[in-house]
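The chain contents come next:
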Amino acid sequence: LAKTTQPISMDSYEGQEVNITCSHNNIATNDYITWYQQFPSQGPRFIIQGYKTKVTNEVASLFIPADRKSSTLSLPRVSLSDTAVYYCLVGGAGNTGKLIFGQGTTLQVKP
Amino acid sequence: KAGVTQTPRYLIKTRGQQVTLSCSPISGHRSVSWYQQTPGQGLQFLFEYFSETQRNKGNFPGRFSGRQFSNSRSEMNVSTLELGDSALYLCASSDGPEAYGYTFGSGTRLTVV
């Protein structure tokens, strides 16, 4: 699975838009990009997944440039409850359950 | 639809003992994976089961083992517990070999004293 690089931490204020960028220079042709959110003492929660261009759901947007060597998770109008660790993962559809988590990005949302 | 259920939620064991953790996946999900999370090492993959067969295994000693039953429920066992085995153990399930979105349980917090 491709290695990913994310900022270790980010700070934001309530109501702001937060963009977390992930680098994955060695992404393979059949790899998808997936983001998970994790709160303390809980399991990671699937946020969004994409392959190319832009994907949007009810909680976030995922922007993927044409070369796919990076991706940006966008959280609109964050609240205090969005304070969590965000993980970017890349991998193929047939990776048989082995997810490789990096250190993630700790997002701290302040009032 | 019920989520992934892990039991027990908390556990305290003594060094040298063994422990068994249980995971009930989402109904219909046949793939179950296990992860260990510690402050120092982060989230690390232990193993994955699909239709009662172990398909993938991480870099953990043989003291860590698992199995999956015909109803897809899974158990993991750690024998001869060490202090370093204290961690949050997470289980994740998915609905097929080609799925990439996984649903995690809330985990079992194991403390070895």
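Residues numbered from 1 in each chain as written. Chains lettered and ligands numbered in written order. Predicted model: local features only at pLDDT ≥ 70, side-chain atom pairs only at ≥ 80, totals over all residues. Heavy atoms only, no water.

Caption draft 1: Local environment of the environment of lysine 57 of chain B. Residue and element names in this part refer to chain B. Within the element layout of this structure, lysine 57 appears in strand 6 (residues 53–57). On the accessibility criterion, lysine 57 (37% relative accessible area) is partly exposed. Separated by 26 residues in the primary sequence, lysine 57 and serine 31 place their C-alpha atoms 13 Å from one another. Each residue touching lysine 57, except ones within four places of it in the same chain, is listed here: Phe45, Leu46 and Phe47. In this structure the side chain of lysine 57 is engaged in a polar contact, spanning 3.3 Å, whose partner is the backbone oxygen of phenylalanine 60. (Helix = DSSP H or I, 4+ residues; strand = E, 2+ residues; numbered from the N terminus. Buried < 20%, exposed > 50% of the residue type's maximum accessible area, 1.4 Å probe, protein only. Contact = heavy atoms within 4.5 Å. Polar contact = N/O pair within 3.5 Å; in protein donor to acceptor, adjacent residues only side chain to side chain.)

Caption draft 2: Fine view of the packing of aromatic side chains. The final tally for this structure, using the stated rule, is 11 aromatic pairs over all chains. With a centroid separation of 5.9 Å and 85 degrees between ring planes, the pair formed by tyrosine 36 of chain A and phenylalanine 104 of chain B is classed as edge-to-face. Linking tyrosine 36 of chain A in strand 3 (residues 31–38) with phenylalanine 104 of chain B in strand 10 (residues 103–104), this pair reaches from one chain into another. There is no split in this pair, since tyrosine 36 of chain A and phenylalanine 104 of chain B are both buried. With a centroid separation of 6.1 Å and 75 degrees between ring planes, the pair formed by phenylalanine 101 of chain A and phenylalanine 104 of chain B is classed as edge-to-face. Highlighted residues: phenylalanine 101 of chain A in the loop between strand 8 (84–92) and strand 9 (105–110) and phenylalanine 104 of chain B in strand 10, drawn from two different chains. (Phe/Tyr/Trp six-rings, centres within 6.5 Å; stacked < 30°, edge-to-face > 60°.)

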